[in-house]
Amino acid sequence: MAQAGVGVDMLEISRMERVMRRHPRFLQKVFSPEEIQFCEHTDRPARHFAERMAARGAVLRALGATPADGACILDVTVSSVPGERPRANLSGKAQQLAHQRGVQEIALSLSFTGDVAVANAVAMTRESRPRQERKPDPKAELRATFRQARSVLDELERREDQK
């Protein structure tokens, strides 16, 4: 049975700030245009870039990826739509690995403190997804109630006949 994988990663925001200052082309090499657009239009771009970098590591850990698998941080991007949860997008070896392991969805949570960006990822398979509760069928419930009532009446008649 396939199980959910869980991954966590953290990155110091100051480290991302240093990399951005020292290597101006780093962002274009590592992040998608969508990620760059989103992060650069925030009050603290380095914090958002750090969250996305941490998310990539968390997703790869949730997938159980190892260096031998060939999946890398460039195979994961993060989509952000205002009012919605961030979403992990997979490509290349990460996508292949997810498919091989039966991963249907990756739940992603991004957070930060003043100094650290944190990401949690859960790679969910069909077997590990929360089960939806079945809604009761009113007709089936009514039939069951009638069966119970009939059973009680039958028992009462049987006792009456024994007297």
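A few points on the structure. Worth saying up front: this structure is predicted, and the values here are computed from it rather than measured. (Residues numbered from 1 in each chain as written. Predicted model: local features only at pLDDT ≥ 70, side-chain atom pairs only at ≥ 80, totals over all residues. Heavy atoms only, no water.)

**What about the overall build of the protein?**
The secondary structure content of the protein amounts to six helices and five strands. Taking 2.2 N^0.38 as the reference for a compact globule, 163 residues should give roughly 15 Å; the C-alpha atoms of the protein span a radius of gyration of 26 Å, well beyond that estimate. Counting only C-alpha atoms, the protein reaches 100 × 35 × 25 Å along its principal axes. Residues classed as buried in the protein amount to 33% of the 163 residues present. Intrachain contacts of the protein at a sequence separation of at least 6 include 57% that bridge at least 24 residues. Of note, the protein has its 27 positive side-chain charges centred 5 Å away from the centre of its 22 negative side-chain charges. (Helix = DSSP H or I, 4+ residues; strand = E, 2+ residues; numbered from the N terminus. Rg over C-alpha atoms; globule rule 2.2 N^0.38 Å. Buried < 20%, exposed > 50% of the residue type's maximum accessible area, 1.4 Å probe, protein only. Contact = heavy atoms within 4.5 Å. Lys, Arg positive; Asp, Glu negative; His and termini not counted. Charge placed at Lys NZ, Arg CZ, Asp CG, Glu CD.)

**Considering the nonpolar core**
In terms of nonpolar packing, the biggest core is built from 21 residues, with Val59, Leu63, Ile106, Leu108 and Ala121 touching the most fellow members. Only helix H4 (45–62), strand S2 (76–79), helix H5 (92–100), strand S4 (103–112) and strand S5 (116–125) provide two or more residues apiece to this core. The element contributing the most residues to this core is H4, with six residues. Within the second largest apolar cluster, 13 residues are counted, among which are Ile13, Val30, Ala50 and Ala117. (Core = buried A, V, L, I, M, F, W, Y, C linked by side-chain atoms within 4.5 Å.)

**What about the sheet that holds S5?**
Strands sit in the order S1-S5-S4 across an open sheet of three strands; the sheet is antiparallel. The sheet is open, and its two borders are formed by strand S1 (5–12) and S4, each paired with just one other strand. With direction set aside, neighbouring strand axes in the sheet form an average angle of 15°. (Pairing = 2+ DSSP bridges. Axes fitted to C-alpha atoms, helices over the stretch in contact; angles between N-to-C directions.)

**A short note on the pattern of salt bridges**
Following the criterion strictly, the structure yields four salt bridges and no others. Taking the shortest distance from any N to any O, the salt bridge between Glu35 and Arg56 comes out at 2.5 Å. Placement of Glu35 in helix H3 (residues 33–40) and of Arg56 in helix H4 is noted, with a sequence separation of 21 residues between them. Exposure remark for Glu35: the relative accessible area of 1% places this residue in the buried category. Residues Glu51 and Arg52 are paired through a salt bridge, measuring 3.7 Å at the closest nitrogen-oxygen approach. The pair formed by Glu51 and Arg52 is uniform in burial state, with each residue classed as buried. (Salt bridge = Lys/Arg side-chain N within 4 Å of Asp/Glu carboxyl O.)

**Here we look at the packing of H3 against H4**
Contact geometry for H3 and H4: axes closest at 8 Å, N-to-C directions at 140°. The segment H3 lies against H4, with Glu35, Ile36, Phe38, Cys39 and Glu40 engaging Pro45, His48, Phe49, Arg52 and Arg56.

**Thoughts on a positive patch on the surface**
Together, Arg15, Arg18, Arg21 and Arg22 give the surface a local cluster of positive charge. Mapped onto the elements, Arg18 comes out in helix H1 (residues 13–22). (Patch = residues over 30% accessible without salt bridge, like charges linked within 9 Å, V, L, I, M, F, W, Y side chains within 5 Å. Areas by Shrake-Rupley, 256 points an atom, 1.4 Å probe, with all protein chains shown as cover.)

**Describing the side chain of Glu51**
Tracing the backbone shows Glu51 in helix H4. Judged by relative accessible area, Glu51 falls into the buried class, the value being 5%. Not counting residues within four places of it along the chain, the set of residues in contact with Glu51 comprises Leu110, Ser111, Phe112, Ala117 and Ala119.

**Digging into the packing of aromatic side chains**
Across all of its chains, the model carries two aromatic pairs by this definition. Ring centres of Phe26 and Phe31 lie 6.2 Å apart, and the angle between their planes is 80°; on these two criteria the pair is classed as edge-to-face. Classification of Phe31 as buried rests on a relative accessible area of 4%. Geometrically, the ring pair formed by Phe31 and Phe49 is tilted, given 4.9 Å between the ring centres and 50° between the ring planes. Here the residue Phe31 occupies a position in the loop between helix H2 (26–30) and H3, and Phe49 occupies one in helix H4, the gap between them amounting to 18 residues. Both residues of the pair, Phe31 and Phe49, belong to the buried class. Each member of the aromatic cluster is reached from another via a ring pair, and the members are Phe26, Phe31 and Phe49. (Phe/Tyr/Trp six-rings, centres within 6.5 Å; stacked < 30°, edge-to-face > 60°.)

Purely geometric numbers; function is a separate question.
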